[in-house]
Amino acid sequence: MRILVTGAAGFIGYHLSRHLLETGHDVVAIDKVNSNERLDILVQYENFDFRHGSIADISFLQEVGEVDYIVHLAALPDVRKSIGRPYIQIQQDVLGYISLLEYAKVLERLKRMVFISSSSVYGVGGGFSELSPTMPIAPYGVSKLNNENMNTCYCHLYGFPITSLRFFTVYGTYGRDNMVIWKFIENIFLGKPISLFNNGMNERDFVYVSDVVDAILLAMFDEKSTGHNVYNVGTGTSVSVLEVVRIIEDILGKTATLETLPPQPGDIPKTCADIIKIKQDLDYAPKIDITSGLRMFSEWLIDRLN
Ligand code: NAD
């Protein structure tokens, strides 16, 4: 199978691409970043075809040609930053996405497109089932919701199936060093203070990266569903940020120095995925609990810091 992965040089794109390459698929990878540690690993696979460019550039996309599947991960994924750059967020992630859809709609081999959305679409709607109201409170969540709506539109108009996966908070190896869990492990290990917004009381459904890769694969190779389908991807449980700190302290055998700060604009106090739909339709079953995930991630990161 020839599979297009956008954002392949990023955290989740790297893990997905590597899995696909190791299971014998041909991966055409697009990213506007053309050099980093993750790409250095991926380019070693002979079935990896990297194209440096933007998903917003339709002629660049057309040069990729026919593919069997598309997994669209490329985005500006920072909720807080999106508040300060609404034009850029919408221009790149929303207008840019139209180019990908326009490219996809004429492909003859395309079996399915998987769009990576976010729990941010729920915002202050008050629930986390796919039927809950969507009331995003940051441009990032608005961009994801808009693209989900575009998916419904393109499926209806052009007949190819699209699955939108609403990821909750993903963590794991080869993440970005500005991600919260990365910073916690690094700072606790190095004896530096860590900042806890909302006094660490925000609760998140933290999902390990291998579990979201499983969900993408289940969604991609789903042969039953047609049209546009939306699924949550999390663990179905949430823990407070302070609890995460306590687990890391336990794993590292060190005590954190905490700087407690007020809630941040655009943050919601709690997320917790309702995963009944993806369990029922796609047999999704998250395997990594928070303690095991934090242990694997800490071991990997400490090894690098040493
Ligand atoms: P990441 O920033 O590590 O990876 C995104 C990659 O996309 C980067 O390499 C970036 O260079 C690339 N990119 C961005 N815009 C592009 C464009 N216009 N053209 C080509 N490449 C472009 O992010 P990630 O954590 O791997 O997230 C992947 C996807 O999952 C994103 O869509 C994000 O919104 C979504 N998501 C992530 C999380 C999470 O916790 N990490 C949670 C919910 C949803």
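The shown structure was predicted, so the numbers you read here are calculated from the model rather than taken from an experiment.

**Here's the deal with the pairing of strand β8 (residues 193-197)**
1) Next: A one-sided burial pattern is seen for β8, the buried positions being I194 and L196 and the unburied ones P193, S195 and F197.
2) Next: Where β8 lies against strand β13 (residues 257-261), five bridges are found, and the strand directions are parallel. Across the sheet, residue L196 finds its bridge partner in β13, namely T260.

**Some thoughts on a nonpolar patch on the surface**
1) Next: There is a patch of nonpolar side chains on the surface, built from V124, M135 and I137 and spanning about 260 Å² of accessible area.
2) Next: Considering the arrangement of structural elements, one finds M135 in the loop between β5 (112-118) and α6 (139-158).

**Overview of the domain arrangement of the protein**
1) Next: When cut into domains, the protein gives domain 1 (2-170 + 206-233) and domain 2 (172-205 + 236-305).
2) Next: In this complex, domain 1 contributes 39 residues to the contact, which on the side of domain 2 involves 40 residues.
3) Next: Carbon and sulfur atoms supply 59% of the area buried between domain 1 and domain 2, which totals about 3300 Å² over both sides.
4) Next: Of all residues in domain 1, R80, F206 and Y208 bury the most surface against domain 2, accounting for 25% of the area lost on that side.
5) Next: On the surface where domain 1 and domain 2 come into contact, there are two salt bridges.
6) Next: Linking K287 and D214 is a salt bridge whose minimum nitrogen-to-oxygen distance equals 2.7 Å.
7) Next: Our count for the contact surface shared by domain 1 and domain 2 stands at 14 residue pairs in polar contact (both at pLDDT 80 or more).
8) Next: Secondary structure elements with two or more residues in the side of domain 1 that touches domain 2: α1 (11-22), α2 (37-42), α4 (79-84), β7 (169-171), β10 (206-208), α8 (209-220) and β11 (228-233).
9) Next: With seven residues, the top contributor of residues to the side of domain 1 that touches domain 2 is α8.
10) Next: Tallied by class, residues from the side of domain 1 that touches domain 2 come to 22 nonpolar, seven polar and 10 charged.

**Observations concerning the site of the ligand**
1) Next: Around the ligand there are 26 residues in total, and D31, L73, Y140, K144 and R176 lie nearest to it.
2) Next: Within the backbone of F11, a nitrogen or oxygen atom sits 2.9 Å from an oxygen atom of the ligand.
3) Next: Between K144 and the ligand, the recorded distance is 2.8 Å, taken from a side-chain N or O atom to an oxygen atom.
4) Next: When the ligand is considered free in solution it has 830 Å² of accessible area, and contact with the protein chains removes 93% of it.
5) Next: Element by element, the count of residues in the shell around the ligand is highest for β5, at three residues.
6) Next: Of the residues contributing to the shell around the ligand, the split by class is 15 nonpolar, seven polar and four charged.

**Some thoughts on the packing of aromatic side chains**
1) Next: Under the definition given, this model contains 14 aromatic pairs.
2) Next: Measuring from centroid to centroid gives 5.1 Å for Y154 and Y158, while their planes differ by 45 degrees, and the two rings are tilted. Taken together, the residues Y154 and Y158, both in helix α6 and four residues apart, mark about one turn of the helix.
3) Next: With a centroid separation of 5.3 Å and 80 degrees between ring planes, the pair formed by Y171 and Y208 is classed as edge-to-face. Highlighted residues: Y171 in strand β7 and Y208 in strand β10, separated in sequence by 37 residues.
4) Next: The class of Y171 is buried, set by a relative accessible area of 2%.
5) Next: Here the aromatic residues Y14, Y174, W182, F297 and W300 are joined through ring pairs into a cluster of three or more.

**Focus: helix α5 (residues 86-105)**
1) Next: Spanning 20 residues, α5 covers 28 Å between terminal C-alpha atoms, matching the ideal 28 Å at 1.5 Å per step.
2) Next: Of all the residues in α5, the buried ones are Q89, D93, V94, G96, Y97, S99, L100, L101, Y103 and A104.

**Regarding empty space enclosed by the protein**
1) Next: Per the counting criterion, the structure on display carries one cavity of 30 Å³ or more.
2) Next: Roughly 40 Å³ of internal volume is contained in the largest cavity.
3) Next: Taken together, the residues of the lining of the largest cavity sort by class into three nonpolar, three polar and two charged.

Quick notes on the rules
Residues numbered from 1 in each chain as written. Predicted model: local features only at pLDDT ≥ 70, side-chain atom pairs only at ≥ 80, totals over all residues. Heavy atoms only, no water. Buried < 20%, exposed > 50% of the residue type's maximum accessible area, 1.4 Å probe, protein only. Helix = DSSP H or I, 4+ residues; strand = E, 2+ residues; numbered from the N terminus. Pairing = 2+ DSSP bridges. Patch = residues over 30% accessible without salt bridge, like charges linked within 9 Å, V, L, I, M, F, W, Y side chains within 5 Å. Areas by Shrake-Rupley, 256 points an atom, 1.4 Å probe, with all protein chains shown as cover. Salt bridge = Lys/Arg side-chain N within 4 Å of Asp/Glu carboxyl O. Domains from an automatic or database assignment. Contact = heavy atoms within 4.5 Å. Buried area = accessible area lost by both parts, 1.4 Å probe. Polar contact = N/O pair within 3.5 Å; in protein donor to acceptor, adjacent residues only side chain to side chain. Nonpolar A, V, L, I, M, F, W, Y, C, P; charged D, E, K, R; others polar. Near = heavy atom within 4 Å. Phe/Tyr/Trp six-rings, centres within 6.5 Å; stacked < 30°, edge-to-face > 60°. Expected span 1.5 Å × (residues − 1). 1 Å grid on protein atoms, 1.4 Å probe; cavity = no way out; pocket = protein on both sides within 12 Å on 5 of 7 lines; lining within 4 Å. Points joined across faces, edges and corners; volume = space filled by probe spheres on them.

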